[in-house]
Amino acid sequence: MRSLSGKVVFITGSAGGIGTEVTRLLHGMGAKLVLTDADADALAALSESLGSDDRVLTGVTDVRDLSAMQELAARAVERFGGIDIVLANAGIISFGSVLNLDSAVFKRVLDVDLLGVFHTVRATLPAVVERKGYVLVVSSVAAFGAAPGITPYLAAKAGVEHFANGLRIEVAHQGVDVGLAHMSWVDTPMVREATTELTTFKRMYGSMPGPMGRTVPADQCAAAFVQAMQRRQRHVFCPRWAGIMRWIRPAIASRLAERPLRTIARKFLPVMDAEAAALGRGTSRRVEALEKPQG
């Protein structure tokens, strides 16, 4: 496996969940880190926890802002001389049915989870091409099979998968490798917030068939991501059973496989909609707070 010591790694969504765990692992391995997140307080806390270190560059940016991402990429090149690896990890989720979901919430999820990946890659790609580097794009098992109450997330993650596949073909002749990560539910702030604020979210997804109803520790996925960087892997699955879903995708979309999900939707989705209506929002409190102008 390739050493990551001295490699410059650009990470979005670095101040929480998998991003934070990847950051800590890479820092311990001697990598140079470019850390970005929309949450200024969380990013500052992460930076402080790493200590006074000239191997770390931080930037509070919104992946929906291409110019801001380009500015940070330029700072990274100026500071470290280039960019070797990109982890397009930032993402949010919404809750509630399409029938009741506000269109602005739907758009926000697509803008962060899909357009944000494009902005991340577009901003950093010239530098990555220069170094013949590696891009790891974070999708989800949600790209393989549908589930009720998170349709914008499903759409974004399916789009991200095809974006990465297209990108891989485009940059292969330039010496750049592109990896694609698919995870099940991971124990991250995003998932914990949803299960805490909506009782139905935890009940709904805890009722899903087999291991799909269980969460995976964030550090387990982080270790898989770092290994993918070392090996420049094409696919990353966390947990490993998620890889099976890639091959049985047609079966997952069959009427037979959808039957239990339809039962779950009928039982829990109206309650989820009622809880979201009572909250007055379709995303978590933290995501809503980050939407408000600062200052």
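Going by an unreviewed UniProt entry, the chain carries the name SDR family oxidoreductase and comes from Mycobacterium pinniadriaticum. Quoted verbatim from the Sequence similarities (unreviewed entry) heading of the UniProt record, the comment on the chain is "Belongs to the short-chain dehydrogenases/reductases (SDR) family."

> How would you sum up helix 3 (residues 66–80)? Please name residues and give values.
One turn of an α-helix holds 3.6 residues; hence residues three or four places apart share an orientation. Its 15 residues place the ends of helix 3 21 Å apart at the C-alpha level, agreeing with the 21 Å of an ideal helix rising 1.5 Å per residue. Every buried residue of helix 3 is accounted for by Ala68, Met69, Leu72, Ala73, Ala76 and Phe80. Down the axis, helix 3 shows its buried residues gathered within 140° of arc, on one side only. Residues of helix 3 that are exposed and point over 90 degrees away from its buried face: Glu71 and Glu78. Considering only its buried residues, helix 3 is in contact with strand 1 (8–12), strand 2 (32–37), strand 3 (56–60) and helix 4 (103–131). Two residues or fewer past helix 3, glycine 81 is found with a positive phi of approximately 95°.

> Describe the environment of leucine 46, with residues and values.
Mapped onto the elements, leucine 46 comes out in helix 2 (residues 40–49). Here the alpha-carbon distance between leucine 46 and threonine 20, two residues 26 residues apart in the chain, equals 7.5 Å. For leucine 46, the residues in contact, after removing those within four places along its chain, are Ser14, Ala15, Thr20, Thr23, Arg24 and Leu35.

> With reference to specific residues and values, describe the environment of valine 105.
In this structure, valine 105 sits in helix 4. C-alpha separation for the pair valine 105 and tyrosine 134, spaced 29 residues apart in sequence, amounts to 32 Å. Apart from residues no more than four positions distant in its own chain, valine 105 is found in contact with Ser94, Gly282 and Thr283.

> Explain the packing of aromatic side chains to me, and be specific about the residues and the numbers.
All chains considered together, the criterion is met by 1 aromatic pair. Centre to centre, the rings of phenylalanine 118 and phenylalanine 163 are 6.4 Å apart; their planes meet at 90°, and the pair counts as edge-to-face. Taken together, the residues span a long stretch of sequence, with phenylalanine 118 in helix 4 and phenylalanine 163 in helix 5 (residues 151–171) at a distance of 45 residues. The ring of tryptophan 247 has arginine 246 sitting right over it, with the charged end atom 4.4 Å from the ring centre.

> Could you give me a rundown of the sheet that holds strand 3, with the residues and numbers involved?
Across a sheet, paired strands are connected by hydrogen bonds in the backbone, their directions being either parallel or antiparallel. The strand order across the open sheet formed by 7 strands is 3-2-1-4-5-6-9, and the pairing between neighbours is parallel. Looking at strand neighbours, the two that pair on one side only are strand 3 and strand 9 (235–238), the edges of this open sheet. On average, each strand axis in the sheet is inclined to that of its neighbour by 15°, with strand direction left out of account. Summarising the sheet, strand 1 and strand 4 (residues 85–88) pair through 3 bridges and their orientation is parallel. Note that in strand 4 the partner of isoleucine 11 across the bridge is leucine 87. Sitting on the sheet, helix 2 is in contact with strand 2 and strand 3, with an inclination near 170° to strand 3.

Cut-offs applied
Residues numbered from 1 in each chain as written. Predicted model: local features only at pLDDT ≥ 70, side-chain atom pairs only at ≥ 80, totals over all residues. Heavy atoms only, no water. UniProt positions renumbered as here; feature names shortened; annotations may be inferred. Helix = DSSP H or I, 4+ residues; strand = E, 2+ residues; numbered from the N terminus. Expected span 1.5 Å × (residues − 1). Buried < 20%, exposed > 50% of the residue type's maximum accessible area, 1.4 Å probe, protein only. Arc of directions from axis to C-beta. Contact = heavy atoms within 4.5 Å. Phe/Tyr/Trp six-rings, centres within 6.5 Å; stacked < 30°, edge-to-face > 60°. Lys NZ or Arg CZ within 6 Å of the ring centre and 35° of its normal. Pairing = 2+ DSSP bridges. Axes fitted to C-alpha atoms, helices over the stretch in contact; angles between N-to-C directions.

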